[in-house]
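# Residue-level structure breakdown
One-letter residues, chain by chain:
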Amino acid sequence: MQDAITSVINSSDVQGKYLDASSLEKLKGYFQTGELRVRAATSISANASTIVKEAVAKSLLYSDSTRPGGNMYTTRRYAACIRDMDYYLRYATYAMLAGDPSILDERVLNGLKETYNSLGVPIGNTVQAIQAMKEVTASLVGPDAGKEMGVYFDYISSGLS
Ligand SMILES: CCC1=C(C)/C(=C/C2=NC(=C\c3[nH]c(/C=C4\NC(=O)[C@H](C)[C@H]4CC)c(C)c3CCC(=O)O)/C(CCC(=O)O)=C2C)NC1=O
């Protein structure tokens with residue numbers, strides 16, 4: 001896993017150089033938003049189950065996923081979906097704190113699409129639910145932090161698509 005700091009240091013290191021102006025600019029932006037990130041992570045973790053519940057209500061309830069024969073039908077599968085949504089929220093929050101998406105590639109997206117396809121988990125509905133979670137999260141943490149979280153929700157969505 002990388003973060004905004006290791007990522008600029010690694011790319012300077014491979015060139016054997018001190019940080020250039022654009023790397024320093026990136027770091028400055030990261031440090032300036034540090035408090036915003038921590039504050040957002042604090043309110044997301046305090047409200048995680050509400051965020052997931054609202055996102056599911058907005059996107060999946062009464063969809064083809066929850067109807068008989070749908071992929072979320074039966075309590076076991078419904079619970080698996082809610083659990084997956086909680087994974088997406090938690091890992092998007094980690095990535096937002098790190099200011100870098102690499103943790104999503106390593107721990108979430110690696111092999112996920114293949115798993116979903118083999119289990120018949122509908123990817124379109126999943127992406128809709130992640131997008132609903134992006135909106136719910138933004139309304140909780142406010143526009144600036146919401147935009148930053150949005151980067152990582154979108155990263156998961158496009159990694160699945
Ligand atoms: C931390 C990284 C990580 C992720 C992301 C993860 C996902 C994940 N979701 C799974 C299943 C599942 N995922 C869903 C999810 C859904 N079905 C729908 O219709 C909805 C659209 C959607 C919820 C948004 C369902 C229903 C299953 C169970 C499918 C089955 O067993 O038939 C499985 C198969 C094994 C299991 O059931 O636990 C994995 C590995 N596991 C991990 O360790």
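Up top you'll find the structure we're talking about.
Structural notes, computed from the coordinates. (Residues numbered from 1 in each chain as written. Predicted model: local features only at pLDDT ≥ 70, side-chain atom pairs only at ≥ 80, totals over all residues. Heavy atoms only, no water.)

## Some words on the overall build of the protein chain
- When helices and strands are tallied, the protein chain shows nine helices and zero strands.
- Going from N to C terminus, the protein chain has its helices and strands arranged as α-α-α-α-α-α-α-α-α.
- The principal-axis extents of the C-alpha atoms in the protein chain amount to approximately 60 × 30 × 20 Å.
- Here the protein chain, with 161 residues, has 40% of them falling under the buried criterion.
- When contacts within the protein chain are restricted to residue pairs at least 6 apart in sequence, those whose partners lie at least 24 apart make up 70%.
- For the protein chain, the computed accessible surface area is about 9100 Å², with 55% contributed by carbon and sulfur atoms.
- Placing the 16 positive and 17 negative side-chain charges of the protein chain at their respective mean positions leaves the two points 5 Å apart. (Helix = DSSP H or I, 4+ residues; strand = E, 2+ residues; numbered from the N terminus. Buried < 20%, exposed > 50% of the residue type's maximum accessible area, 1.4 Å probe, protein only. Contact = heavy atoms within 4.5 Å. Areas by Shrake-Rupley, 256 points an atom, 1.4 Å probe, with all protein chains shown as cover. Lys, Arg positive; Asp, Glu negative; His and termini not counted. Charge placed at Lys NZ, Arg CZ, Asp CG, Glu CD.)

## Here we look at the site of the ligand
- What surrounds the ligand is a group of 23 residues, the closest being Ser 65, Asn 71, Cys 81, Arg 83 and Asp 84.
- The side chain of Asn 71 places a nitrogen or oxygen atom 2.8 Å from a nitrogen atom of the ligand.
- Separating an oxygen atom of the ligand from a side-chain N or O atom of Arg 76 is a distance of 3.1 Å.
- Across the complex, the protein chains shield 80% of the 880 Å² of accessible surface that the ligand would expose by itself.
- At the level of elements, α5 (75-98), α7 (112-119) and α8 (123-141) are the ones that each hand at least two residues to the shell around the ligand.
- Ranked by the residues each element gives to the shell around the ligand, the list is headed by α5, at ten residues. (Near = heavy atom within 4 Å. Polar contact = N/O pair within 3.5 Å; in protein donor to acceptor, adjacent residues only side chain to side chain.)

## Remarks on the packing of aromatic side chains
- Under the definition given, this model contains two aromatic pairs.
- Here the aromatic rings of Tyr 30 and Phe 31 are separated by 5.9 Å at their centres, their planes lie at 50 degrees, and the arrangement is tilted.
- Given a relative accessible area of 15%, Tyr 30 falls into the buried group.
- Between Tyr 91 and Tyr 94 the ring centres are 5.3 Å apart and the planes differ by 85 degrees, which places this aromatic pair in the edge-to-face class. Taken together, the residues Tyr 91 and Tyr 94, both in helix α5 and three residues apart, mark about one turn of the helix. (Phe/Tyr/Trp six-rings, centres within 6.5 Å; stacked < 30°, edge-to-face > 60°.)

## Section: the nonpolar core
- Counting residues in each nonpolar core, the largest one holds 39 residues, and the members touching the most others are Tyr 88, Leu 89, Leu 104, Met 133 and Leu 160.
- Where this core is concerned, the elements lending two or more residues are α3 (34-46), α4 (48-59), α5, α6 (102-109), α7, α8 and α9 (143-160).
- Filtering out sequence-adjacent residues up to four positions away, Tyr 88 remains in contact with Val 108, Leu 112, Tyr 116, Thr 126, Ile 130, Met 133, Phe 153, Ile 156 and Leu 160. (Core = buried A, V, L, I, M, F, W, Y, C linked by side-chain atoms within 4.5 Å.)

## Focus: the packing of α6 against α9
- Between α6 and α9, whose axes approach to 11 Å, the crossing angle comes to 45 degrees. On the basis of the axis angle, α6 is oblique to α9. As α6 runs across α9, the sense of the crossing is right-handed. From α6, Leu 104, Asp 105 and Leu 109 reach across to α9, where they touch Tyr 152, Tyr 155, Ile 156, Gly 159 and Leu 160.
- Split by residue class, the contact of α6 with α9 holds six nonpolar, one polar and one charged. (Axes fitted to C-alpha atoms, helices over the stretch in contact; angles between N-to-C directions. Parallel < 35°, antiparallel > 145°, perpendicular 65-115°, else oblique. Left-handed = near helix turned anticlockwise from the far one by under 90°. Nonpolar A, V, L, I, M, F, W, Y, C, P; charged D, E, K, R; others polar.)

## Describing the packing of α3 against α5
- Running from N to C, α3 and α5 point in directions that differ by 165 degrees, and their axes come no closer than 9 Å. Classed by the angle they form, the pair α3 and α5 counts as roughly antiparallel. Crossing of α3 over α5 shows left-handed handedness. Across the interface between the two elements, Arg 37, Val 38, Ala 40, Ala 41 and Ile 44 from α3 touch Leu 89, Thr 93, Met 96 and Leu 97 from α5.

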